[in-house]
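# Working through the structure, step by step
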Protein chains: 2
Amino acid sequence: MEKKPSFALALHGGAGTITRASLTPHMEQEYRAALRQALEVGYKILREEGSALTAVEATVVHLEDCPLFNAGRGSVFNKLGYHEMDAALMCGKTLEAGAITGVRNIRNPILLASEVLHHSDHVLLSHPGAEDFARNQGLAFEPDAYFFTQQRYDQWQALRDTDVYMLDHSETGEKKFGTVGAVAVDLAGDLAAATSTGGMTNKNFNRVGDTPLIGAGTYANNKTCAVSCTGHGEYFIRHVVAYDISCLMEYKGMSLAQACNLVVHQKLKQYGGEGGLVAVSPTGEVTLPFNSEGMYRASWVAGGEPLVGIYQE
Amino acid sequence: MEKKPSFALALHGGAGTITRASLTPHMEQEYRAALRQALEVGYKILREEGSALTAVEATVVHLEDCPLFNAGRGSVFNKLGYHEMDAALMCGKTLEAGAITGVRNIRNPILLASEVLHHSDHVLLSHPGAEDFARNQGLAFEPDAYFFTQQRYDQWQALRDTDVYMLDHSETGEKKFGTVGAVAVDLAGDLAAATSTGGMTNKNFNRVGDTPLIGAGTYANNKTCAVSCTGHGEYFIRHVVAYDISCLMEYKGMSLAQACNLVVHQKLKQYGGEGGLVAVSPTGEVTLPFNSEGMYRASWVAGGEPLVGIYQE
């Protein structure tokens, strides 16, 4: 009989048309190194008996700080030429959650979601109001220049006079869903999920995706699973993806892998909903399914080896 | 054997501490008349073979236009002294959804949610972006004065210099969760749900409640049910209430009434989540459970009598 793992962590850095042909060996190496570093941040916390909540938060901070990913530093440009970010954090033990949408200039949106979780009566704050709350809580702000990357700027320049929006960069028609996220189960058996995104290049009308919506892009419940999604957010909202997985486990008795595979490879796919997710169960089962060509991802189960992946293997 | 009803409609105008002692006979009469009128608007559409989507939209427009309810005209004042509204609409046949949060000066927020559903690739738009979209779509705007009611203004004046927020009016500590919503099943067997709210008096930080979040305050799926919620939104978000009911029916085989009662009277109550909801099933079952002292509500099943209620009966 398999030994029950004591803790586990999984993370993603976005999904989409990520093929070997689309990444140079150098870029691939950079992505793999960044995913591995983020994994080590969270794993170290879990190994030292830190909480899952702390671990996913720190992991996502690391991914936000890395300009390779579309979250925090390195976020895409919206229609109006600025960075508009969303994030959510959920605790599987208490079912408490914090989320923010449409914030500008917040260095680490996931830390603002954490402040909402820990220090407000609310779950979801938005736009200038969320920024006012961030100021009250003493969070770090950065100028627009901090978030700038030449690559994302060029992507926006190619689209800004059109009505086209892109879930992440693309000059060649491919789709990328830039989001970062992490899920964990800790030594106490508690689960947590965190997700953060810069949204879609050239996005308009202050669109909100699935990332900050509890049950859609982010969900955690000690009874079932912790889930963080990345993909074409509208499909993840309509199908309440993260909570659907939890319900399939709780009400139908499915395993984590069964529930995730059903939702990602059948339910979402049937409607054309492209993307993927990372998920953990209370017993340390980890799964990282995606129905797109690739997903930046990594996982580490206690006592095992760290795994990093990009393409379909 | 009971004949299968051919269509049905249920609506609510908010829940909370609504007791016989708190309403004058005159006020009670006004509320009952307004609920009955809204019910007739939707019922007439369904009877004339209109769609559930059209019926719930028109019902909610009627409730938004009535200053008695905290949605559209008659919305509460936020911390900054203006009206900030949310709405959502979902089609159970296609699982398409449209929602908006934090909009100002839109005469009928539910019509903007409908525009998002029918004429955008997105599900949720927010704040000025949602208003830009409304202008593009030619929706009616109204000056602040249109939304003004003396009663809501006085409630805000009593709170504006405090950090207190109220889910609806209260000078005496009672809680009211002002939201309006409707659910329906039509002659074609299609379901739909619509919800609209002005949020909480003196609310700060551009807080978003459950109303515009698909799966939390609003959900519809031809396979299971249509649900519109009213209550302390944060609890409805954390417990993904509307989609939970759908999952309990689809995955656990519960009836609509069983699922709604479990969620409202056990799951929500256990966490202190006060409020209620209205729901219909594809076979025309209707339920209107609430765990607060009262809920403005009404329902009409084809061939039956219209029912209007306020208090616990």
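Residues and elements named next belong to chain B. Compared with the 33 Å implied by 1.5 Å per residue over 23 residues, the 32 Å span of helix H1 (residues 25-47) between its first and last C-alpha is a close match. Of the positions making up H1, those classed as buried are Glu28, Tyr31, Ala34, Leu35, Ala38, Leu39, Gly42, Tyr43, Ile45 and Leu46. Just past H1, the residue Glu49 takes up positive phi, approximately 65°.

With that settled, the discussion passes to the relation of the copies chain A and chain B. Mapping chain A onto chain B calls for a screw motion: a turn of 180° about the axis and a shift of 0.0 Å along it, with 0.0 Å RMSD after fitting. Both copies are brought into coincidence by an operation consistent with a two-fold rotation axis. Minimal C-alpha distance to the rotation axis in chain A is attained by Tyr251 of chain A, lying at 2.9 Å.

Further remarks concern the sheet that holds strand S12 (residues 286-287) of chain A. Residues and elements named next belong to chain A. Pairing is antiparallel across the open sheet formed by four strands, whose spatial order is S9-S10-S11-S12. With partners counted over all chains shown, the strands left at the sheet margins are strand S9 (218-221) and S12, one partner each. The pairing of S9 with strand S10 (residues 225-231) spans four bridges and is antiparallel. When the bridges of S10 are listed, Ala220 appears paired with Ala226.

Three or more residues of helix H4 (residues 127-136) of chain A are buried, namely His127, Gly129, Ala130, Glu131, Phe133 and Ala134 of chain A. Here the buried face of H4 of chain A lies against strand S3 (97-103), helix H3 (109-119) and strand S4 (124-126) of chain A together with strand S4 (124-126) and helix H4 (127-136) of chain B. With its phi angle positive at about 75°, Gly138 of chain A sits one or two positions after the end of H4 of chain A.

What follows concerns the interface of chain A and chain B. Between chain A and chain B, the contact holds 41 residues from the first and 41 residues from the second. For chain A, the biggest contributors to the area lost against chain B are Phe205, Arg238 and Tyr251 of chain A; these three give 21% of the whole. Connecting chain A to chain B are 16 residue pairs in polar contact (both at pLDDT 80 or more). Secondary structure elements with two or more residues in the side of chain A that touches chain B: S4, H4, strand S8 (207-208), helix H7 (233-238) and helix H8 (241-252) of chain A. Looking at which element gives the most residues to the side of chain A that touches chain B, the answer is H4 of chain A, with seven residues. A class-by-class count of the residues in the side of chain A that touches chain B yields 23 nonpolar, nine polar and nine charged.

Definitions and limits used
Residues numbered from 1 in each chain as written. Chains lettered and ligands numbered in written order. Predicted model: local features only at pLDDT ≥ 70, side-chain atom pairs only at ≥ 80, totals over all residues. Heavy atoms only, no water. Helix = DSSP H or I, 4+ residues; strand = E, 2+ residues; numbered from the N terminus. Expected span 1.5 Å × (residues − 1). Buried < 20%, exposed > 50% of the residue type's maximum accessible area, 1.4 Å probe, protein only. Least-squares fit on C-alpha atoms with pLDDT ≥ 70 in both. Pairing = 2+ DSSP bridges. Contact = heavy atoms within 4.5 Å. Buried area = accessible area lost by both parts, 1.4 Å probe. Polar contact = N/O pair within 3.5 Å; in protein donor to acceptor, adjacent residues only side chain to side chain. Nonpolar A, V, L, I, M, F, W, Y, C, P; charged D, E, K, R; others polar.

Nothing here speaks to function; it is all geometry.
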